[in-house]
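Coordinate inspection notes
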Amino acid sequence: MINLVQILIEGALIGLVYGLVAISFVVIYRASRIVNLAQGEILVVGALVLWTFTLGTAQAGYHIPFVVSIALTVGACILFGLALERFVFRPLISQPAFSIFMASVALLILLRGLAQLIWGAETRSFPAIFMEGGFTVGPFLINTRLFLGGVCTLLLAFGLHAFFTRTRQGLRLAAVAENHDIALSLGISVRWAIAVAWILGTVVATCGAVVLLSGRIISLDVATIGFKALPVALLGGLESIRGAPLAGIVIGIGEVLAMAYLDPLTKGAASGLLPYAVMIAVLLVRPQGFFGWKRIERL
Amino acid sequence: MLPTGVHSLTYADDARILRTSRARHWLAALVVALLAYPAFAGPYMLGVFTHLFITLMAVYGLYVTVGMAGQINVAQSAFVGVGAFATAKLSGYEIHFMLVIPLAALITGFVSIFFALPAARVKGFYLALTTLAAQVVFPIIILALPTEWLGGLVGMSVEPIRMGGLTLGAPIHFYYFTLVVVALLTVAAFNLKRSRFGRAMIAVRDNDVVAEVMGVPVFRTKVLAFFVGSLFAGVAGACTAYFLQFVTVASFTLFASVWYLGMLIVGGVHSPLGAILGVAFITFLQEGLHAFANTLMQSGASGGVLFALTSVALGGCILIALIFEPRGLAHRWSVARTTFQLWPFPRN
């Protein structure tokens, strides 16, 4: 029994990390109606930028205070978001969904290639931003890094939810998520919305990288987390920010349960398959996920 | 645009693909050139062309699913993989290759139907997500199955094709073999647009709500679009398996799927000519980059540079195509042709 609860706790904490990456995915969709498959690559680029401003500059002999590194990283994320808006997505405003989807696919391989050209393919250690180790609550051991990450995820989810539903700017973004043309006709700047979407998405993805990688090894393969976050975003509802952590917990717990009880029987396949089986089931049963918008079509 | 004096007297005449004798002569010249090519080329270039033909088969499949029916498919490489593994397995049972290739195509088609079923409830990029699931799940399943079934991590060797007394092994054999197969598939791809099913797919692509109202069975058409697209992928997989004589999961990645989609977009999604132009353009671009990366490596760059360069080049090509010419090279080609035909008068 204690074993089971321990597994559930671990699953929920890992699930919150998926939830955080899923939030970065949802934020972009919720503000600009762009499905971004390249989220994993964005996370890796964010992580590499943070590495450059911390350990990278330290190796080159310049010691930057930590607060300045964070500020530089956020600045780089903002520049990155603005550049994506200007050069990739501004020309595609109110183009068919197919073009925008394919642009994100192109971005996926472009960013992977650029990351490899700029930073090289070697693995490097990521700065330890959260303290390592764990603490015990009764008989249960809790990983400090994942716990703090989970707290960040929940705070971010509620903060962003308030931004999107309570502020004037956030409500404008909702109109853009509904339809580019209608938003434009109401006088809302879709360009601005897309820039905000990408800046938020990049910053949140970098937070995800910090939680996921703090004190560990970073390589280009980390980007596969992006595809794990997709089923999470879909289960929570693509338009719902608060849905993402909840769906993350569901999928995280399902994954560790499958890992503990089914993997020995299936050579480790069950936990890998589970998120995607959930994804197909969601699409068949309830395509809008837990809290997504249900779209009605008219002729 | 047609030259002056070409008239259609019947509907069949109007629907013909090669309408002028000049078009037929150019096609004959192309066929002769492709048949005579091995006399002038070394084994390396023959390998490049064989690879190009196999890629073209897979991209024809994408043209059907994405270009005609408008359903995004980011798992074409996984479907090619299904075809390749089916071929490897079937060839082990001493089945004749003329039977193996259609069987592999059918198996691939039926696998794809499973991932097309959510089309009953969702559309657009949601459907793309199920194909993404197919692509991600494919290696997990292959690796989890018992090793004696599909080779697991190691991969499977493929029995070579035996035709009479001849065992296919040399590059020139595969060049002619894939040339024949790709010629058959080209005929299929060009004619699909003229069939009832092809028109149904185009209606679904343009507006599926309207198509439903007009009496097109939308769900069935979408599922069949995936099925037919995967038949092409299965044939491509069979040819890959016979060509490489060994299949492993590692060759059928998401990146390969993106490459196929990228080729189709650069060429133009709405015509099989786009598939041909896109595959040729990207393949030769890749060969150029290959040569460039080799010179870089001689001056001391690392080995991953080639992969990174090709990724950047393809990503850039897709973005440029989407932003500046969404109709692709095929449209540029028709513009150039019209300009030539109308010269010296301006094209408008």
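Residues numbered from 1 in each chain as written. Chains lettered and ligands numbered in written order. Predicted model: local features only at pLDDT ≥ 70, side-chain atom pairs only at ≥ 80, totals over all residues. Heavy atoms only, no water.

1. Examining the domain arrangement of chain B
All names here are of chain B. Domain assignment breaks chain B into domain 1 (22-252) and domain 2 (277-348). A straight line from the C-alpha centre of domain 1 to that of domain 2 covers 23 Å. Each partner contributes residues to the interface: domain 1 has eight residues there, and domain 2 has five residues. Across the interface of domain 1 and domain 2, roughly 560 Å² is buried in total on both sides, 78% from carbon and sulfur atoms. Summed over the shared surface of domain 1 and domain 2, the number is zero salt bridges. At the surface where domain 1 touches domain 2, the tally comes to one residue pair in polar contact (both at pLDDT 80 or more). Classifying every residue of the side of domain 1 that touches domain 2 gives seven nonpolar, one polar and no charged. (Domains from an automatic or database assignment. Contact = heavy atoms within 4.5 Å. Buried area = accessible area lost by both parts, 1.4 Å probe. Salt bridge = Lys/Arg side-chain N within 4 Å of Asp/Glu carboxyl O. Polar contact = N/O pair within 3.5 Å; in protein donor to acceptor, adjacent residues only side chain to side chain. Nonpolar A, V, L, I, M, F, W, Y, C, P; charged D, E, K, R; others polar.)

2. Remarks on the side chain of B:Ser311
Note on placement: B:Ser311 falls in helix H14 (residues 305-324). Among the residues examined, B:Ser311 registers a relative accessible area of 1% and is labelled buried. Sequence-distant contacts of B:Ser311, that is, excluding residues within four places in its chain, are made with A:Ile109, A:Leu110, A:Gly113 and B:Phe255. (Helix = DSSP H or I, 4+ residues; strand = E, 2+ residues; numbered from the N terminus. Buried < 20%, exposed > 50% of the residue type's maximum accessible area, 1.4 Å probe, protein only.)

3. A word on the confidence of the model for chain A
In the predicted model, chain A carries a mean pLDDT of 88, and the fraction of residues at 70 or more is 99%. When pLDDT is averaged over each element of chain A, helix H5 (residues 144-166) of chain A comes out on top at 91 and strand S2 (residues 134-137) of chain A at the bottom at 82. (pLDDT = per-residue confidence, 0-100.)

4. Here we look at the packing of helix H6 (residues 168-178) of chain A against helix H8 (residues 190-213) of chain A
Residues and elements named next belong to chain A. Direction vectors running N to C along H6 and H8 enclose 105°, while the axes themselves pass 10 Å from each other. Our classification of the angle between H6 and H8 gives roughly perpendicular. Where H6 abuts H8, its residues Gln169, Leu173 and Val176 lie against Val190, Trp192, Ala193 and Val196. Class assignment for the residues of the contact of H6 with H8 results in six nonpolar, one polar and no charged. (Axes fitted to C-alpha atoms, helices over the stretch in contact; angles between N-to-C directions. Parallel < 35°, antiparallel > 145°, perpendicular 65-115°, else oblique.)

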